[in-house]
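Residues per chain, in single letters:
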Amino acid sequence: MGEAVEKVERTEAEWRAALTPEQYHVLREKGTERAFTGILTENHETGDYQCAGCGAVLFMSGAKFDSGCGWPSFMLPADSKAVVEHEDRSFGMRRIEVTCARCGGHLGHVFPDGPRPTGLRYCINSASLTFERAE
Ligand code: FE
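A. Main features of the sheet that holds strand E5 (residues 83–88). The strand order E3-E4-E8-E7-E6-E5 describes an open sheet built from six strands, whose pairing is antiparallel. Among the strands making up the open sheet, the edge pair consists of strand E3 (64–65) and E5. Of the strand pairs in this sheet, E3 and strand E4 (residues 73–74) are connected by two bridges, and their pairing is antiparallel. The residue bridging Lys 64 from the neighbouring strand is Phe 74, located in E4.

B. Molecular detail of unusual backbone geometry. Omega for the peptide link from Arg 116 to Pro 117 comes to 5°, which places this bond in the cis form. Among the structural elements, Pro 117 can be located in the loop between strand E7 (106–111) and strand E8 (121–124). Despite not being glycine, Lys 30 shows a phi value in the positive range, around 60°. Its place among the elements puts Lys 30 in the loop between helix H2 (21–29) and strand E1 (47–51). Residue Lys 30 is classed as partly exposed on the basis of its relative accessible area of 47%.

C. Quick peek at the environment of Cys 100. Along the chain, Cys 100 falls in strand E6 (residues 95–100). Once you skip the residues sitting within four places of it in the chain, Cys 100 turns out to touch Cys 51, Cys 54, Ala 56, Leu 58, Ala 82, Gly 105 and Leu 107.

Procedures and definitions
- Residues numbered from 1 in each chain as written.
- Predicted model: local features only at pLDDT ≥ 70, side-chain atom pairs only at ≥ 80, totals over all residues.
- Heavy atoms only, no water.
- Pairing = 2+ DSSP bridges.
- Helix = DSSP H or I, 4+ residues; strand = E, 2+ residues; numbered from the N terminus.
- Buried < 20%, exposed > 50% of the residue type's maximum accessible area, 1.4 Å probe, protein only.
- Contact = heavy atoms within 4.5 Å.

Purely spatial values, then, with no claim about function.
Pasting the structure below:
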């Protein structure tokens, strides 16, 4: 088993200074970018998807798939400890929210309608991610 994830904590003013308005809205206010507007939805390059808040590696390109839902979609996280899942009952729905284990930033939700073998679809806002292409 790995060690506990080291937390990144910042004040809201520090997050506002560090993030773009869209990143701040998604990561710190649990916002959702409009479907099909995120720059990483159609990205097919090989590399890592990192948290836009703290740089933690959250998803790998090999787990990305074309869900057609309008947001970057992954079958599983880069590491089971990289993300935390929480029940979310907002907007009259019952969903599972996904946050960054290191900084607590909101990433998106996970749904049980993904492809095999996991059957999961991590539906993640582009604004909460940065992409680092593999060399
Ligand atoms: Fe983070």
